[in-house]
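Notes for the structure review
Chain residues, written in single-letter form:
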Amino acid sequence: MHSPASQSELTLATAMAAVAFILVLGTLLGAAARRLRQPAVIGEIIAGIALGPSLLGQLPGDLTDKLFPAEVRPMLHAIAQVGLLLFMFMIGWEFEKSLLRNRRTAAAAVSLSSVALSFGLGVCLALAIHSRHAPDGRTSSSTALALFMGAAMSVTAFPVLARILTDSKLMRTPVGALALAGAAIDDVLAWCILAVVSATVTASGTTDLLQIAGLSVAYVALMFTVVRPALAILVRRLTKRRALAHLLVLLAGGALLSAYVTTWIGIHAIFGAFLFGLVMPREPADLLRVHVRRPLDMISSLLMPAFFIVTGLAVDIGGLSAANYLELAAIIAVACVGKLLGAGLAARACGMGWRPASTLALLMNTRGLTELIILNVGVSLGILDTSLFTMMVIMALVTTAMAGPLLPRNEDAWEMKPTPARVEPVDARG
């Protein structure tokens, strides 16, 4: 005889049904986005927004709350965090110093120029709108918001950019190689700024802030001087024994443990996972790619849609006022001007022609998933209110979606034909 399920069992079953719905809708919209020459992340972000109060919540019957009731959301949040931390571990692991080989000067010039202009414009915009955006009625620090907006405007989405370059057949062009190198520098700088913001917000005073800074420096030093060589020994021994399943488990556990340590220190968990990936050995490349990277990519791909849903549930486009739409226009303008002018003018100064320089600037303007990660950190730190979070998510969508349609089809625009000014040679192999 059928016995009724307990409330806890029903809650768990509802969470599983919600995850199933998330996976199916995210896959469908991701595929639709690719048909429109957009990265799949665009469709997945739209899926998250559509399931939240912006669309599904506007329909009769309170469908968003029925599909994602309050008691289920903490479970989705936990799933999203595991997927996010594994993703950040992979980003750190995939950061290759070889990207900067033979293009250090050009990549540094493009990156620093775009970050400096974007950061400065973001700070000015934050100071202008700060008084209208106090989360939950609290008076948030204008300094924290200014630093955060600067970091959010500075980022370039390295993984999304790589996908755009692959789909557009730009990956092995000089412009594509330089864009990837510049994006790598951009993201590291943005993470550093965000770490400062995180420490500033969580610290209760100057003494606490200095303690967080000291512990952070000590932890970074420990990771590079102790954990990195220990990982090299571990990887060498386990790959020699072909115990790659054990290695996979240990690395995932290490990334999560590192995330816990940085949270305990006072900076966000994503920095711990990213740092653990950064010190991870790259060799033996073939074995690690097939038996460790690929499975972790698949696990992250299964879990990350929950991150988009958690993000989408906090986005409320219908709640934006007329004044918010004016702010949204300013946010998009600042985001585009900072990257397009900052990267484009620096590329011209390095000797690139106008067409390849504009192509490079357009690529550097993509923000995608990396921007969503930063924005969720802003929410968790109490820096962003719902309306500002919503506007920043829309900005991330716009700046990412505009790259595909605007990229030139003429391959001559991809070649970095120098002007008479001296330009450092760029390796076209990527």
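Residues numbered from 1 in each chain as written. Predicted model: local features only at pLDDT ≥ 70, side-chain atom pairs only at ≥ 80, totals over all residues. Heavy atoms only, no water.

1. Focus on the overall build of the chain
Operational definition: Per the convention used, a helix needs a DSSP run of H or I reaching at least four residues, while a strand needs a run of E reaching at least two, with both numbered from the N terminus. Here the term buried applies to any residue with accessible area under 20% of the maximum for its type, exposed to any over 50%, and partly exposed to those in between, with areas from a 1.4 Å probe on protein chains only. In what follows, residue pairs with any heavy atoms lying within 4.5 Å of each other are defined as contacts. Shrake-Rupley sampling with a 1.4 Å probe provides the accessible areas, and residues are treated as covered by the protein chains on show and by no other component.
Scanning the chain from terminus to terminus reveals 17 helices and zero strands. Residue burial in the chain is summarised as follows: out of 430 residues, 52% are buried. Long-range pairs, those at least 24 residues apart, make up 82% of the contacts in the chain between residues at least 6 apart in sequence. With the model as given, the accessible surface of the chain reaches about 19,200 Å², and the carbon-plus-sulfur share is 67%.

2. Remarks on helix 15 (residues 368-380)
Here is the rule we go by: The span you would expect from a helix comes to 1.5 Å times its residue count less one.
Under the 1.5 Å per step criterion, the end-to-end length of helix 15 is 19 Å for 13 residues, consistent within 8% with the ideal 18 Å. Among the 13 residues that make up helix 15, 11 are buried, leaving the element largely enclosed by the rest of the structure. The set of residues buried in helix 15 consists of Gly368, Leu369, Thr370, Glu371, Leu372, Ile373, Ile374, Leu375, Asn376, Val377 and Gly378. Glycine 382, located one to two residues past helix 15, shows a positive phi value of around 75°.

3. Overview of the packing of helix 8 (residues 174-202) against helix 11 (residues 269-278)
This is how it is decided: The axes used here are C-alpha line fits, helices contributing only the stretch in contact, and every angle between their N-to-C directions lies in the interval 0 to 180 degrees. Rotating anticlockwise by less than a right angle from the far helix to the near helix defines a left-handed crossing, while the corresponding clockwise rotation defines a right-handed one. For this classification, the nonpolar set comprises Ala, Val, Leu, Ile, Met, Phe, Trp, Tyr, Cys and Pro, the charged set comprises Asp, Glu, Lys and Arg, and every other residue, Gly included, is treated as polar.
Where helix 8 meets helix 11, the closest approach of the two axes is 10 Å, and the angle between their N-to-C directions is 140°. The handedness of the crossing between helix 8 and helix 11 is left-handed. Facing helix 8, whose interface residues are Trp191, Leu194 and Ala195, helix 11 presents Ile270, Phe271 and Phe274. Of the residues assigned to the contact of helix 8 with helix 11, the class counts are six nonpolar, no polar and no charged.

4. Considerations on the packing of helix 1 (residues 7-35) against helix 4 (residues 73-94)
For the record, the criterion: By the definition adopted for this analysis, an angle is roughly parallel if under 35 degrees, roughly antiparallel if over 145, roughly perpendicular if from 65 to 115, and oblique otherwise.
It is at 9 Å that the axes of helix 1 and helix 4 come closest, and there the two elements cross at 50°. On the basis of the axis angle, helix 1 is oblique to helix 4. The handedness of the crossing between helix 1 and helix 4 comes out as right-handed. Where helix 1 approaches helix 4, its residues Thr11, Leu12, Ala15, Val19 and Ile22 are matched on the opposing element by Met75, Leu76 and Ile79.

5. What to know about helix 6 (residues 142-154)
Between its terminal C-alpha atoms helix 6 stretches 18 Å, which fits the 18 Å expected from 13 residues at 1.5 Å a residue. Of all 13 residues that make up helix 6, 10 are buried, and the element is covered over most of its length. Considered for burial, the residues of helix 6 that qualify are Ala144, Leu145, Ala146, Phe148, Met149, Gly150, Ala151, Ala152, Met153 and Ser154.

6. Some details on a positive patch on the surface
Going by this rule: Like-charged residues are merged into a patch within 9 Å and nonpolar side chains (Val, Leu, Ile, Met, Phe, Trp, Tyr) within 5 Å, provided each residue has over 30% relative accessible area and no salt bridge. Any carboxyl oxygen of Asp or Glu within 4 Å of a side-chain nitrogen of Lys or Arg constitutes a salt bridge here. Under the counting rule used here, the positive set is Lys and Arg, the negative set is Asp and Glu, and His together with the chain ends is not counted. To locate a charge, take NZ of a lysine, CZ of an arginine, CG of an aspartate or CD of a glutamate.
The grouping of Arg236, Arg237, Lys240 and Arg241 at the surface amounts to a positive patch. Along the chain, arginine 241 falls in the loop between helix 9 (206-240) and helix 10 (244-265).

7. Some remarks on the pattern of salt bridges
Enumeration over the complete set of coordinates arrives at one salt bridge. Of the charged contacts, one joins arginine 132 and glutamate 327 as a salt bridge, the two residues approaching to 2.8 Å between their closest N and O atoms. Of this pair, arginine 132 sits in the loop between helix 5 (104-129) and helix 6 while glutamate 327 sits in helix 13 (residues 322-349), and the two are 195 residues apart along the sequence. Given a relative accessible area of 7%, glutamate 327 falls into the buried group.

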